[in-house]
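# Survey of secondary and tertiary structure
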Amino acid sequence: MLSIASFLKLLKESFRDLLPIILVIMFFQLAIIQSIPENWLSTAIGLAIVGVGLAVFLLGLEVGIFPVGEGLASEFARKGSTKWIVLFAFMIGFGTTVAEPALIVIAQKAASISDGRIDANTLRLVVAFSVGFAIVLGVWRIIKGHPIHYYIISGYVMVVAATAFSPQEIVGLAYDLGGVTTSTVTVPLVAALGIGLASTIKGRNPVLDGFGLIAFASLTPMIFVQFYGIVVYEFVEVSASVVAPVIEVTKVPAVFDFKMLDILKGLVGVVIDVVPILAVIVFFQYAILKKPIDNLKEVIIGFGLVIIGLDAFIVGLEMGLFSIGETMAFELTQYDNNFIIYTFGFLIGFSTTMAEPSLTAIAKKAKEISDGKVNDFVLRLFVALGVAIGISLGSYRIVVGGEIVYYIMSGYLFVIVLTFMAPKYIIPIAYDSGGVTTSTVTVPLVAALGLGLATNIPGRDPLIDGFGLIAFASLFPMLTVMLYGIITEKIGVKGEHELEELHMDELRQAIEHANDMGLSTVQIHGTGQRHSYKMPFSAVHIIVPRKNQDKALIAARDAGAGGVTIMDAHGMGLTEMDNFYNRLHSDPTDVNLMFVVPTKKVDNIIFSVMHKLDIVGRGDGISYSYPISHLKGLTLKSSDL
């Protein structure tokens, strides 16, 4: 919902998520490298812009992209237009991937260090086609209702089989490209498409069937790129004309320059990234469905917020993280202590993942459609832990050497084993988690770290060893999220509807037990529910002059009494019977306050009244209690029980 309160809440969460990144950078810069960056002010401003941009971006997703994506999917499903759903899926996958900034960066870097064998544009087209194919395959799975793990496990088998024939120069790159294809814009729209279809098609579950499209989009590029590598390394001659200039890692941090032209160029670049999505949506909404977009004004505002937020986010990253990340990656390779490298990889992986906008959006959606069974913040913690472990282990591989395929194959084996152990609802979410972790924030920093290590460690090849960290960052979150599902299942975490069912069962049992005269049946205030308990209750009576009524009530309330029955009372001595008749018909002089409370509260109530009204001193009154049985109908607060 578009409101100031929603934005302020997202803004607070954004800065909370950026705090780990700031702490990691500060610790390594001051404690390990022991120097203050020259552009520290630019870094601080950049991080502030990142926080604001992230909040604006997430607000735009909630207002614009999610409703439109789910609406389109629902309309296609209602119409039963399978061919149009498939075409829409392919165009969304291809159109959003081919212009993905992270893919462009990695493709250009691969071209620059491949001796002219890899063409950046061709590589991007191969990856974009593979993602389009993946989304089509995922949509087909949802329509048919097939279990996702059969597709994913088959895909892993094909990845490993392709690896056996691929040149070693392409393996790490192929694995990495499986992680960079799902961007901050693509992920929410693809997720909305899957969830919308699963919510509309009869017999489909949004949790079990709605997630998984992102997993397909991360898996197929690994296969397609490896086949592309086989072609270019076996059948294509080297051509110097396609060699791009090498981008060298430097220890001198770049200082971001606020030039209006550069800012406008950046904004135009973001618009170009979003335009393919808008074009696809407009075409299918008006040309195919021939229906106007619901809440068009809010949707337009939402897309505008996405563009502004994403642009601010990228500008903030360039000012605050990219330059200092490249510098630190270079500096850390100058130390003899490899443990520092692993620690930096772990902490930077954890902190950047916690700030990843795609993950934040997906985690919120997972919580929403899982009925609260998946906690969005805890899910992000487990995903971030997986990325941290993956980058740390990937850094270890680069430092000590070794072929990436053995690590990745072992990881996939664990994924397959946990797939049959984890609860079904968490499996598609776990598969998708591998794709949403490597995007706008993570890819540049992780790629800089991997290439920096491979460039500066003797005996390592940047093309063979430098790529692969993103693959590790995509693999291990699947393991940690499945473990999260197993843990929550073991400790008995329930969704909101499951808890309601449990409460209804308790209510039904309570009504049945109300006939048991040995149990006290009470109503829980504010819930409309009655429960029966084997719990001792007592009646406390406080008889005081009427003028002291309020003082007695306050004293009893402060001691824990929740309700009272007030009765008129007369007080007189029976030894003097001459005025008995007159006293009997006169106005009441006293009040009898009766409190029915759990027996454990009796001492505190009598003690409080006794002292505040000075009943045992000069004050007038009497207090006493007695146990009661067969209690039915009392109303208490849940805290009283």
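Everything numeric here is computed off the predicted structure, so don't read it as measured data.

### Concerning the overall build of the protein
Check the secondary structure of the protein and you find 24 helices and seven strands. The contacts in the protein between residues at least 6 apart in sequence include a share of 83% that link residues at least 24 apart. When the accessible surface of the protein is split by element, carbon and sulfur atoms take 63% of a total near 28800 Å².

### Remarks on the sheet that holds strand β3 (residues 537-545)
In space, the four strands of this open sheet follow the order β4-β5-β3-β6, with antiparallel pairing throughout. The open sheet is flanked by β4 (565-569) and β6 (622-628), the only strands paired with a single partner. On average, each strand axis in the sheet is inclined to that of its neighbour by 20°, with strand direction left out of account. Pairing of β3 with β6, which is carried by seven bridges, proceeds in the antiparallel orientation. Within the sheet, the bridge partner assigned to I542 lies in β6 and is S623. Its contacts with the sheet put helix α22 (residues 549-558) on β3, β4 and β5 (590-598), and the angle it makes with β5 is roughly 10°.

### Here's the deal with the pattern of salt bridges
Scanning the entire structure with this criterion turns up five salt bridges. Of the charged contacts in the structure, one is a salt bridge between K367 and D376, with a shortest N-O distance of 3.9 Å. Among the residues examined, K367 registers a relative accessible area of 36% and is labelled partly exposed. Put simply, D568 and R546 hold a salt bridge, and the shortest N to O gap is 2.9 Å. A residue pair is termed long-range when its members are at least 10 positions apart, and D568 in strand β4 and R546 in the loop between β3 and α22 qualify at 22 residues. Within the structure, one salt-bridge network assembled from shared partners comprises R557, D558 and K612.

### Observations concerning the environment of I429
Counting through the fold element by element, I429 comes out in helix α17 (residues 427-436). Residue I429 is classed as buried on the basis of its relative accessible area of 1%. With 63 residues separating them along the chain, I429 and A366 place their C-alpha atoms 7.5 Å apart. Ignoring sequence-local partners within four residues, the contact set of I429 consists of V207, F211, A366, V374, L379 and V481.

### Structural notes on the packing of aromatic side chains
The tally for this structure, following the rule as stated, stands at 14 aromatic pairs. A ring pair is formed by Y156 and Y412, whose centres lie 4.1 Å apart and whose planes are at 10°; its orientation type is stacked. A residue pair is termed long-range when its members are at least 10 positions apart, and Y156 in helix α6 (residues 148-165) and Y412 in helix α16 (residues 404-419) qualify at 256 residues. Both residues of the pair, Y156 and Y412, belong to the buried class.

### Regarding the nonpolar core
L123 and Y431 are the most contacted members of the largest nonpolar core, which totals 149 residues. Per-element tally for this core: the top contributor is helix α2 (residues 40-79), with 14 residues. Leave out the neighbours within four places in its chain, and L123 touches A107, A110, I118, L173, L177, V225 and Y228. Counting residues in hydrophobic clusters, the runner-up holds 18 residues, among them A555, A561, V591 and I606.

### Examining helix α13 (residues 338-354)
Helix length check: α13, at 17 residues, gives a terminal C-alpha distance of 25 Å against a target of 24 Å (1.5 Å per residue), a fit within 8%. Turning to α13, its buried residues number three or more, namely I340, I341, Y342, F344, G345, I348, G349, S351, T352, T353 and M354.

### As for the pairing of β3
In terms of burial, β3 is a largely internal element, eight of the nine residues being buried. Note: β3 against β5, nine bridges, orientation antiparallel. Its bridge partner being in β5, I542 is matched across the sheet by L593.

### A look at the confidence of the model for the protein
Per-residue pLDDT for the protein averages 78, and the proportion of residues at 70 or more is 80%. In the model of the protein, helix α23 (residues 580-584) stands out as the element of lowest mean pLDDT, 55, in contrast to β3, which has the highest, 92. Under a pLDDT of 50 for its full length, residues 240-256 has, in the predicted model, 27 contacts with residues more than four places off or in other chains.

### Considering a nonpolar patch on the surface
Among the surface-exposed residues, M26, L30, I36, W40, L41 and I45 lie close enough to one another that they form a single nonpolar patch of about 640 Å² accessible area. Counting only elements with at least two residues in the nonpolar patch, the list comes to α1 (4-32) and α2. Per-element tally for the nonpolar patch: the top contributor is α2, with three residues. By the element assignment, L41 lies in helix α2.

### Section: unusual backbone geometry
Glycine aside, residues mostly have negative phi angles, and peptide bonds mostly take the trans form. One non-glycine residue with positive phi stands out, namely D614, at about 55°. Here D614 shows up in the loop between α24 (602-612) and β6. Look at H630: it is not a glycine, yet its phi comes out positive at around 55°. Its place among the elements puts H630 in the loop between β6 and β7 (632-636).

### Comments concerning the packing of α6 against helix α10 (residues 213-234)
At a minimum axis separation of 9 Å, α6 and α10 run at an interaxial angle of 20°. One element, α6, and the other, α10, form an angle in the roughly parallel class. Every pair of crossing elements has a handedness; the one defined by α6 and α10 is left-handed. In this structure, α6 uses I148, Y151, I152, G155, Y156, M158, V159, A162, T163 and F165 to contact α10, whose residues at the interface are A215, F216, L219, M222, I223, Q226 and I230.

### Digging into α6
The first and last C-alpha atoms of α6 sit 27 Å apart over 18 residues, in line with the 26 Å expected at 1.5 Å per residue. Among all positions in α6, only I148, H149, Y151, I152, I153, G155, Y156, V159, A162 and T163 are buried.

### A closer look at the environment of I307
Looking at where I307 falls in the secondary structure, it is placed in helix α12 (residues 296-332). Through-space distance from the C-alpha of I307 to that of G60 is 8.4 Å; in sequence the pair is 247 residues apart. In this view, I307 contacts L267, V270, V271 and V274; residues no more than four positions away in its chain are not counted.

### A closer look at the packing of α22 against α24
Where α22 meets α24, the closest approach of the two axes is 8 Å, and the angle between their N-to-C directions is 145°. The chirality of how α22 crosses α24 is right-handed. Residues K551, A552, A555, A556 and D558 of α22 form the contact with α24, whose own contacting residues are I605, S608, V609 and K612. Of the residues assigned to the contact of α22 with α24, the class counts are five nonpolar, one polar and three charged.

Procedures and definitions
Residues numbered from 1 in each chain as written. Predicted model: local features only at pLDDT ≥ 70, side-chain atom pairs only at ≥ 80, totals over all residues. Heavy atoms only, no water. Helix = DSSP H or I, 4+ residues; strand = E, 2+ residues; numbered from the N terminus. Contact = heavy atoms within 4.5 Å. Areas by Shrake-Rupley, 256 points an atom, 1.4 Å probe, with all protein chains shown as cover. Pairing = 2+ DSSP bridges. Axes fitted to C-alpha atoms, helices over the stretch in contact; angles between N-to-C directions. Salt bridge = Lys/Arg side-chain N within 4 Å of Asp/Glu carboxyl O. Buried < 20%, exposed > 50% of the residue type's maximum accessible area, 1.4 Å probe, protein only. Phe/Tyr/Trp six-rings, centres within 6.5 Å; stacked < 30°, edge-to-face > 60°. Core = buried A, V, L, I, M, F, W, Y, C linked by side-chain atoms within 4.5 Å. Expected span 1.5 Å × (residues − 1). pLDDT = per-residue confidence, 0-100. Patch = residues over 30% accessible without salt bridge, like charges linked within 9 Å, V, L, I, M, F, W, Y side chains within 5 Å. Parallel < 35°, antiparallel > 145°, perpendicular 65-115°, else oblique. Left-handed = near helix turned anticlockwise from the far one by under 90°. Nonpolar A, V, L, I, M, F, W, Y, C, P; charged D, E, K, R; others polar.

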